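Listed below, chain by chain, are the residues.
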Amino acid sequence: MIFKLIAISIIGVVVVLMLRSAKPEFAVFATIATGVIMVVILLSTLQDVILSFDNVVKKSGVDESVFSAVLKIIGIGYLTEYSASIATDAGCGSIAQKLQFGGKLTIFAMSISIVSALIDVVGELVNLV
Amino acid sequence: MGVDIILKIAGIGILTAVVSVILKKSDRDDVATFATLAGLIVVIVLVIDMISGLFDTIKSLLSLYS
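Residues numbered from 1 in each chain as written. Chains lettered and ligands numbered in written order. Predicted model: local features only at pLDDT ≥ 70, side-chain atom pairs only at ≥ 80, totals over all residues. Heavy atoms only, no water.

Another aspect to go through is the overall build of chain B. The helix and strand inventory of chain B stands at two helices and zero strands. Radius of gyration (C-alpha) of chain B: 17 Å, far over the 11 Å computed for a compact globule of 66 residues. Taking the principal axes of its C-alpha atoms as reference, chain B extends roughly 55 × 25 × 10 Å. A total of about 3900 Å² of accessible surface is found on chain B, and carbon and sulfur atoms cover 73% of it. Charge separation in chain B, taken as the distance between the mean sites of 5 positive and 6 negative side-chain charges, equals 3 Å. (Helix = DSSP H or I, 4+ residues; strand = E, 2+ residues; numbered from the N terminus. Rg over C-alpha atoms; globule rule 2.2 N^0.38 Å. Areas by Shrake-Rupley, 256 points an atom, 1.4 Å probe, with all protein chains shown as cover. Lys, Arg positive; Asp, Glu negative; His and termini not counted. Charge placed at Lys NZ, Arg CZ, Asp CG, Glu CD.)

All names here are of chain A. Here the domain parsing of chain A yields domain 1 (1-60) and domain 2 (62-129). Facing 13 residues of domain 1, the contacting portion of domain 2 comprises nine residues. A buried area of about 890 Å², summed over both sides, lies between domain 1 and domain 2, and 67% of it is on carbon and sulfur atoms. Summed over the shared surface of domain 1 and domain 2, the result is zero salt bridges. Here domain 1 and domain 2 share one residue pair in polar contact (both at pLDDT 80 or more) between them. It is helix α2 (residues 24-60) that contributes the most residues to the side of domain 1 that touches domain 2, 12 residues altogether. Considered class by class, the residues forming the side of domain 1 that touches domain 2 number seven nonpolar, three polar and three charged. (Domains from an automatic or database assignment. Contact = heavy atoms within 4.5 Å. Buried area = accessible area lost by both parts, 1.4 Å probe. Salt bridge = Lys/Arg side-chain N within 4 Å of Asp/Glu carboxyl O. Polar contact = N/O pair within 3.5 Å; in protein donor to acceptor, adjacent residues only side chain to side chain. Nonpolar A, V, L, I, M, F, W, Y, C, P; charged D, E, K, R; others polar.)

Over its 27 residues, helix α3 (residues 64-90) of chain A extends 39 Å from the first C-alpha to the last, a length consistent with the 39 Å expected when each residue adds 1.5 Å. Of the residues trailing α3 of chain A, G91 of chain A is marked for its positive phi of about 105°. (Expected span 1.5 Å × (residues − 1).)

What follows covers the packing of aromatic side chains. Within this structure, the stated rule accounts for two aromatic pairs over all chains. With centroids separated by 6.0 Å and ring planes inclined at 45°, the aromatic side chains of Y78 of chain A and Y82 of chain A adopt a geometry described as tilted. In this pair, Y78 of chain A and Y82 of chain A are both assigned in helix α3, four residues apart and thus about one turn of the helix distant. Relative accessible area serves as the criterion here: at 28%, Y78 of chain A is assigned to the partly exposed category. For Y82 of chain A, a relative accessible area of 7% corresponds to the buried category. When the ring of Y82 of chain A is compared with that of F55 of chain B, the centres are 6.5 Å apart and the planes differ by 75°; the resulting orientation is edge-to-face. Within this pair, whereas Y82 of chain A is found in helix α3, its partner F55 of chain B is found in helix α2 (residues 29-61), the two belonging to separate chains. Look at F55 of chain B and you get partly exposed, because its relative accessible area is 28%. Ring pairs connect the aromatic residues Y78 and Y82 of chain A together with F55 of chain B, which therefore count as one cluster. (Phe/Tyr/Trp six-rings, centres within 6.5 Å; stacked < 30°, edge-to-face > 60°. Buried < 20%, exposed > 50% of the residue type's maximum accessible area, 1.4 Å probe, protein only.)

In structure tokens form, the structure reads like this:
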């Protein structure tokens with residue numbers, strides 16, 4: 001599996017370098033395409049990891065909304081990082097930084113619900129003791 | 001979904017480069033810009049539906065429905 005990733009990334013790099021000299025606009029699209037293909041390959045393993053995590057969370061008794069919020073935050077973090085790295089590749093770092101700032105804000109807004117859920121759980125524990 | 005898409009984009013890029021150079025040499029610069037634009041649009045369409053597919057799978061995988 002990892003060899004497929006290595007092969008695709010090397011091919012992508014070669015294509016991007018070739019295109020960068022001939023037509024720079026196509027280089028950006030080649031990087032995006034390589035990124036998409038590599039992520040699609042990784043998605044299946046990501047699915048298994050998430051399913052196993054789901055079982056662990058069900059056993060541990062933490063309510064489902066916290067885990068789905070965590071998943072959402074992972075997703076948002078990954079998507080913003082993905083597009084920010086494409087933007088930096090294409091040469092405009094300022095857009096990438098603004099994107100990451102937006103991603104941080106959305107994650108912060110979502111984490112408020114997790115923090116409150118955590119405080120409830122801790123509150124219950126304290127009452128038990 | 002494999003390496004062929006990357007090679008397809010590379011092929012389109014090189015083809016547009018060659019076509020635009022040929023058109024520039026035979027001093028038809030306006031047609032050259034159109035040819036480059038056409039190649040660019042073809043690649044944009046190709047990449048956009050790949051990205052939308054990727055974002056949909058990630059959205060469904062991580063239950064991100066915001």
